[in-house]
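Residues per chain, in single letters:
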Amino acid sequence: FRSAPDLEPLRMSETKNIQLIDQFLDAVWLESGLSANTLTAYRTDLKKISDWLEKRKQSLDKATKVELFDYLAHTVRSGISARSSARQLSSLRRFYRYLAREGIAESDPTSDLESPVIGKTLPKTLSESSVEQLLAAPAENTALGIRDRAMLETIYATGLRVSELVNLTLSELDSTAGLVRVTGKGGRERIVPLGEEALAHLGQYLNDARPELLRDRVSEAVFVTRRGGPMSRQAFWQLIKRYATVAGVDEALSPHSLRHAFATHLLNHGADLRSVQMLLGHSNLSTTQIYTHVARARLQSLHAEHHPRG
């Protein structure tokens, strides 16, 4: 029986609760093909409530609705956001549905628990001028600088998630057609155009900088480190923060800042919402609709600033 990928280092002592968590993770991985990041998030949420219950001499499969409600209330009092609380409840619901289905728990204690109300938060995005400054920040007289410029150009041109960017392989890149094939959340595949600027910088990186970084080593990853291994999400996030400082960009940043900028700038320039949804790889149009609020807020700001009667 295969175990869910990339989680072996996280295996813990074989308590009853941990056995149930591992069993659940293996099952949902086989059923849904979830990514290692999603599985790790499930494990983190379930491990936290497991620890909380074990202090009260209770096991996960015997937990009651009252105990779960007390736990969620405890996390809210400790200061977590409504969004994080909702994510925890989502993890618990899937876990207990599994336990009830398998006959491990007598019933699903989460069935009547209500999710916290989450207000719509607008994603933080960058202005077009700030993006231009950020893209130009890497010094392109070194192999690492050429790589970094290519990465920044690629993520802004395609709207890839950071994990999709760092996991990109040579076989998914079609430089001739100017396309990249991406496998996103839930194993959904999409084709995204690269654009001339990104293609030019990618070409320079692949022809000159990547061979210099790899030396005689072999890697299927498009973007590699000076040691020849693939880039990590954390390393790329550090790059963005460093180049934002170099470029003098003082707008709030997140790991997805360039993805958000990609979507917002497309809408600002007339792209239709359905096309942006397809490019981003959103399964639901409502997820993409939040960018219309960002674009609208930007237009209102421009009107107020520049119109004589604004």
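Residues numbered from 1 in each chain as written. Predicted model: local features only at pLDDT ≥ 70, side-chain atom pairs only at ≥ 80, totals over all residues. Heavy atoms only, no water.

**What to know about the overall build of the protein**
Filter applied, for reference: Only DSSP runs of H or I reaching four residues or more are called helices, and only runs of E reaching two or more are called strands; each is numbered from the N terminus. Partly exposed describes any residue whose relative accessible area lies between the buried limit of under 20% and the exposed limit of over 50%, with all areas from a 1.4 Å probe on protein chains only and scaled to the type maximum. Here a residue-residue contact requires only that any non-hydrogen atoms of the pair lie within 4.5 Å. All accessibility values rest on the Shrake-Rupley procedure with a 1.4 Å probe; residue burial counts only the protein chains present in the view.
Within the protein, the secondary structure is distributed over twelve helices and three strands. Each of the 310 residues in the protein was classed as buried or not, and the buried ones make up 43%. When contacts within the protein are restricted to residue pairs at least 6 apart in sequence, those whose partners lie at least 24 apart make up 59%. As displayed, the protein has an accessible area near 16600 Å², and 51% of this comes from carbon and sulfur atoms.

**Some thoughts on the pattern of salt bridges**
Threshold: Salt bridges are counted wherever a side-chain nitrogen of Lys or Arg sits within 4 Å of a carboxyl oxygen of Asp or Glu.
This model, assessed by the stated rule, comprises 13 salt bridges. Put simply, arginine 101 and glutamate 31 hold a salt bridge, and the shortest N to O gap is 2.7 Å. Within this pair, whereas arginine 101 is found in helix H4 (residues 82-101), its partner glutamate 31 is found in helix H1 (residues 16-32), the two being separated by 70 residues in sequence. Judged by relative accessible area, glutamate 31 falls into the partly exposed class, the value being 48%.

**Some details on the nonpolar core**
Looking at soluble globular proteins, one finds that nonpolar side chains tend to be buried together. So the rule is basically this: Each nonpolar core is a collection of buried residues, namely Ala, Val, Leu, Ile, Met, Phe, Trp, Tyr and Cys, held together in the definition by side-chain atoms within 4.5 Å.
Residues Tyr205, Phe223, Phe236 and Leu258 are the most contacted members of the largest nonpolar core, which totals 40 residues. Counting only elements with at least two residues in this core, the list comes to helix H5 (128-135), helix H6 (143-158), helix H7 (162-166), strand E2 (179-183), helix H8 (196-214), helix H9 (233-247) and helix H10 (257-268). Residues in contact with leucine 258, not counting those within four places in the same chain, are Leu126, Val131, Leu134, Leu152, Ile155, Tyr156 and Ile240. One finds Ala27, Trp29, Leu53 and Ala105 within the second-largest nonpolar core, a separate group that totals 28 residues.

**Notes on H4**
The condition that has to hold: Every helix has an expected span of 1.5 Å times one less than the residues it contains.
Counted at 1.5 Å a residue, the expected span for H4 with its 20 residues is 28 Å, and the 28 Å between its end C-alpha atoms agrees. Elements in contact with the buried residues of H4: H1, helix H2 (36-54) and helix H3 (65-77).

**Details of the packing of aromatic side chains**
Given two aromatic rings, their pairing is described by the distance between the two centres and the angle made by the two planes. Here is the rule: Pairing of aromatic rings covers Phe, Tyr and Trp, the last through its six-membered ring, and needs centres within 6.5 Å; plane angles under 30 degrees mean stacked, over 60 mean edge-to-face, and all others mean tilted. For a Lys NZ or an Arg CZ to count as sitting over a ring, it must be within 6 Å of the ring centre and within 35 degrees of the ring normal.
Going through the model one piece at a time under the given rule, you end up with six aromatic pairs. Centre to centre, the rings of tyrosine 205 and phenylalanine 223 are 5.4 Å apart; their planes meet at 25 degrees, and the pair counts as stacked. Placement of tyrosine 205 in helix H8 and of phenylalanine 223 in the loop between H8 and H9 is noted, with a sequence separation of 18 residues between them. For the pair formed by tyrosine 205 and phenylalanine 223, the shared burial category is buried. Ring pairing ties together the aromatic residues Phe24, Tyr42, Phe95, Tyr96 and Tyr98, which thus form one cluster. Looking at arginine 56, its charged tip hangs above the ring of tryptophan 52, at a distance of 3.8 Å from the centre.

**Re the sheet that holds E2**
Hydrogen bonds between backbone groups are what pair the strands of a sheet, and the pairing can be parallel or antiparallel. Stated formally: Only strands that DSSP links by at least two bridges are regarded as paired with each other.
On the basis of which strands lie adjacent, the open sheet formed by three strands has the order E1-E2-E3 and antiparallel pairing. The open sheet terminates on both sides in strands that have one partner only, identified here as strand E1 (173-174) and strand E3 (189-193). Where E1 meets E2, two bridges bridge the pair, whose relative direction is antiparallel. Its bridge partner being in E2, aspartate 174 is matched across the sheet by leucine 179.

**Comments concerning the packing of H1 against H4**
A pair of packed helices is characterised by two quantities: the angle between their axes and the separation of those axes. So the rule is basically this: Fitting a line to C-alpha atoms yields each axis, with helices limited to the stretch in contact; the angle taken between N-to-C directions then spans 0 to 180 degrees. Oblique is the label for any angle not covered by the other classes, which are roughly parallel (under 35 degrees), roughly antiparallel (over 145) and roughly perpendicular (65 to 115). When residues are sorted by character, Ala, Val, Leu, Ile, Met, Phe, Trp, Tyr, Cys and Pro go into the nonpolar class, Asp, Glu, Lys and Arg into the charged class, and all the rest, Gly among them, into the polar class.
Contact geometry for H1 and H4: axes closest at 10 Å, N-to-C directions at 95 degrees. Judged by the angle between their axes, H1 and H4 are roughly perpendicular. Residues Leu20, Ile21, Gln23, Phe24, Ala27, Val28, Glu31 and Ser32 of H1 lie in contact with H4, whose contacting residues are Arg94, Phe95, Tyr98, Leu99 and Arg101. Split into classes, the residues belonging to the contact of H1 with H4 amount to eight nonpolar, two polar and three charged.

**What to know about the pairing of E2**
The alternating pattern of E2 places Val180 and Val182 on a buried face and Leu179, Arg181 and Thr183 on a face that is not buried. The antiparallel hairpin formed by E2 and E3 contains five residues in its connecting segment, where glycine 186 sits at a positive phi of about 70 degrees.

**Quick notes on unusual backbone geometry**
With a phi angle near 55 degrees, lysine 57 is a residue other than glycine that sits in the positive phi range. Mapped onto the elements, lysine 57 comes out in the loop between H2 and H3. Phi at arginine 215 is positive, roughly 60 degrees, even though this residue is not glycine. Within the secondary structure layout, arginine 215 lies in the loop between H8 and H9.

**Structural notes on the confidence of the model for the protein**
Our working definition: For every residue, the pLDDT score states the predictor's confidence, bounded by 0 at the bottom and 100 at the top.
Of the residues in the protein, 83% have a pLDDT of 70 or more, and the chain-wide mean is 83. Predicted confidence is poor over residues 6-13, with pLDDT under 50, and the contacts of this stretch with residues over four places away or in other chains come to 17 contacts.

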